[in-house]
Amino acid sequence: MSKSLPRFVPFAYGFRPFFLLAGIQAVVSVCAWLWLYRGGMAPLAALPPQYWHVHEMIYGFIVAAIAGFMLTAVPSWTGTRGFAGRPLQLLVFLWLAGRVAFMFANSIPFWVLAVLELAFLPALIVTLSPSLLRTINRNTPLLLVLLVIWLSDLIFVAGLAQQDVILSGRGLRVGLDLVLVLITVIGGRIVPAFTGSALRSSGIDARMRSYALLDRTTIALMLAFAIADIAASQHALTGYIAAVAALAQVWRLSGWQGWRTGSQPVVWILHVAYLWLPIGLCLKALSVLGDVWWAAYWQHAFGAGAAGTMILAVMTRASLGHTGRSLQVHKVIAVAYALLVLSVTVRVFGPALLPMQYQGIVVVAGSLWVLAFAMYLVIYTPILLRPRVDGKAG
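This structure is a prediction, so every number in the text was calculated from the model and none was measured.

### Quick word on a nonpolar patch on the surface
Point 1. On the surface, L144, L147, L151 and L154 cluster together to form a nonpolar patch covering roughly 320 Å² of accessible area.
Point 2. Within the secondary structure, L144 is located in helix α6 (residues 142-162).

### What to know about the pattern of salt bridges
Opposite charge on two side chains permits them to pair, given that their charged atoms come into close proximity.
Point 1. The final tally for this structure, using the stated rule, is five salt bridges.
Point 2. Its salt-bridge partner being E56, residue R99 comes within 2.8 Å of it at the nearest N-O pair. Of this pair, R99 sits in helix α3 (residues 86-103) while E56 is found in helix α2 (residues 49-78), placing the two residues 43 residues apart along the sequence.
Point 3. Using a relative accessible area of 2% as the deciding quantity, one classes E56 as buried.
Point 4. For D215, the salt bridge is made with R252, and the minimal N-O distance between the two is 2.9 Å. Of this pair, D215 sits in helix α8 (residues 212-231) while R252 sits in helix α9 (residues 236-254); the two residues are 37 residues apart in sequence, bridging distant segments of the chain.

### Here's the deal with helix α4 (residues 110-117)
Point 1. Within α4, the full set of buried residues consists of L113, A114 and E117. Taken down its axis, α4 places every buried residue within 95 degrees of arc, on the same side. Away from its buried face, by an angle of more than 90 degrees, α4 presents the exposed residues W111 and V115.

### Some points on the nonpolar core
Point 1. Formed by 133 residues in total, the largest nonpolar core has its most connected members in F18, F120, L128 and W369.
Point 2. A per-element tally of this core places α2 first, with 15 residues.
Point 3. Sequence-distant contacts of F18, defined by excluding residues within four places in its chain, comprise A64, A67, G68, L71, L88, L91, V92, W95 and F120.

### Description of the packing of helix α7 (residues 165-201) against helix α10 (residues 265-289)
Helix packing for two helices is described by the angle between their axes and how far apart those axes are.
Point 1. Interaxial distance between α7 and α10 falls to 10 Å at its minimum, and their mutual angle equals 150 degrees. In terms of their interaxial angle, α7 and α10 are classed as roughly antiparallel. The two elements α7 and α10 meet at a crossing, and its hand is left-handed. Side by side, α7 and α10 meet where L180, I183, T184, G187, G188, V191, F194, T195 and A198 of the first sit next to V267, L270, H271, Y274 and L277 of the second.

### Here's the deal with unusual backbone geometry
Glycine aside, the phi torsion of most residues is negative, and most peptide linkages are trans.
Point 1. Even without being a glycine, Q163 presents a positive backbone phi close to 55 degrees.
Point 2. On the secondary structure map, Q163 appears in the loop between α6 and α7.
Point 3. One non-glycine residue, Q257, lies in the positive phi region at around 55 degrees.
Point 4. Structurally, Q257 can be placed in the loop between α9 and α10.
Point 5. Judged by relative accessible area, Q257 falls into the buried class, the value being 6%.

### Some remarks on the environment of F15
Point 1. With respect to the element layout, F15 can be found in helix α1 (residues 15-39).
Point 2. Among the residues examined, F15 registers a relative accessible area of 1% and is labelled buried.
Point 3. Ignoring any residue separated from it by four or fewer positions in sequence, one finds F15 in contact with L20, G68, T72, S319, H322, T323 and L384.

### Quick look at helix α5 (residues 120-134)
Point 1. Here α5 contains 15 residues, and its C-alpha end-to-end distance of 22 Å stays within 8% of the 21 Å for a straight helix at 1.5 Å per residue.
Point 2. Along its length, α5 reaches its greatest deviation from straightness, about 40 degrees, at L128, and the proline P130 lies no more than four positions downstream.
Point 3. Every buried residue of α5 is accounted for by F120, L121, A123, L124, I125, L128, S129, S131 and L132.
Point 4. At its buried positions, α5 is contacted by α1, α2, α3, α4 and α6.

### Thoughts on the environment of L113
Point 1. Mapped onto the elements, L113 comes out in helix α4.
Point 2. You can call L113 buried: its relative accessible area is 4%.
Point 3. Remark: the alpha-carbon pair of L113 and T345, spanning 232 residues in sequence, is separated by 35 Å.
Point 4. Among residues more than four places away in sequence, those in contact with L113 are A101, F102, A105, I108 and L160.

### A few points about the side chain of T309
Point 1. Examined against the element boundaries, T309 turns out to sit in helix α11 (residues 298-321).
Point 2. Looking at T309, its side chain comes within polar contact range of the main-chain oxygen of G305, at 2.7 Å.
Point 3. What T309 contacts, discounting residues up to four positions off in sequence, is I269, A273, W276, A304, L340 and V344.

Conventions and cut-offs
- Residues numbered from 1 in each chain as written.
- Predicted model: local features only at pLDDT ≥ 70, side-chain atom pairs only at ≥ 80, totals over all residues.
- Heavy atoms only, no water.
- Patch = residues over 30% accessible without salt bridge, like charges linked within 9 Å, V, L, I, M, F, W, Y side chains within 5 Å.
- Areas by Shrake-Rupley, 256 points an atom, 1.4 Å probe, with all protein chains shown as cover.
- Salt bridge = Lys/Arg side-chain N within 4 Å of Asp/Glu carboxyl O.
- Helix = DSSP H or I, 4+ residues; strand = E, 2+ residues; numbered from the N terminus.
- Buried < 20%, exposed > 50% of the residue type's maximum accessible area, 1.4 Å probe, protein only.
- Arc of directions from axis to C-beta.
- Core = buried A, V, L, I, M, F, W, Y, C linked by side-chain atoms within 4.5 Å.
- Contact = heavy atoms within 4.5 Å.
- Axes fitted to C-alpha atoms, helices over the stretch in contact; angles between N-to-C directions.
- Parallel < 35°, antiparallel > 145°, perpendicular 65-115°, else oblique.
- Left-handed = near helix turned anticlockwise from the far one by under 90°.
- Expected span 1.5 Å × (residues − 1).
- Bend = angle between axes of the 7 residues up to and from the residue.
- Polar contact = N/O pair within 3.5 Å; in protein donor to acceptor, adjacent residues only side chain to side chain.

The values are spatial; any link to function lies outside them.
Now the structure itself:
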């Protein structure tokens, strides 16, 4: 008698639990933030309340998505066995422990908070290191990126311990800026690759215009921007670097022919996500160099726009491909894409149009974000929990 296949396989491959947790975190943490914001509560007594929100979006939502991506991509990059089973379960436990700890940050001993929060990324690095170090290639330095993201969290926690707003804020800037560099590197590979593949499959003879010098220059400019933003966020030099980096990003993106992908939501959303990088850089430059008050919301162009939209784009596409499905997203997901883009647009540019309605803008933008990721969970929870449709392992 043949052995029946399991009905649920949440730990069969790295993307499954972490893409699910990223979606849940996107909904739960923003709902919690809207509740805290409206109620004027302080989840981290020693720090401004928005620091809790930013921290949970970076080290909860974004880091979960990065983990799912890395745990899935590294086996493909290195030709090694995929991560599954108990090692994956341990990583999920450590991520969850950190989120629960920050949910009760004011109620537990600080050392417990610090240990639980800072355990996940080192464990992820240890898990990925053997494969990436055994076959050293262009992806191996991503271990260093993960380490620096962990160090940024350590800086934040140290600031929390010392009730130092400036130190914790710097930690958050380091974390977000490293994420932008990561999007520039990884996005610069996957956006043109996925676009070219999709256009060719539709019978369109399209070649992506990519230039090695432009790619290296853009990455170098983003690293320079990150360093300048961390060292002196409001210095004029930081604004000038942001302006030049924005031009490089636009030039780079223009070669990927995003305007030809309008009929393929799973592709055009990648271009929209990447577009938020130069938008955020332009706003940063305007804020620093021109003292334009409404440009001060550049952080949301980066965090919610570039990072949030790219995460939803990659999770929806990768989950289909790695479960044996065709790369055509459900109509509900196409609506979710549109709602997410609208959410970020309202959050970034709404204050310029309705400056007296700032609290309402925050609530509307947050609600649209929650609705977009709730739609993702409705469609993708069964995909992430159930076996591949082609009967293969993973």
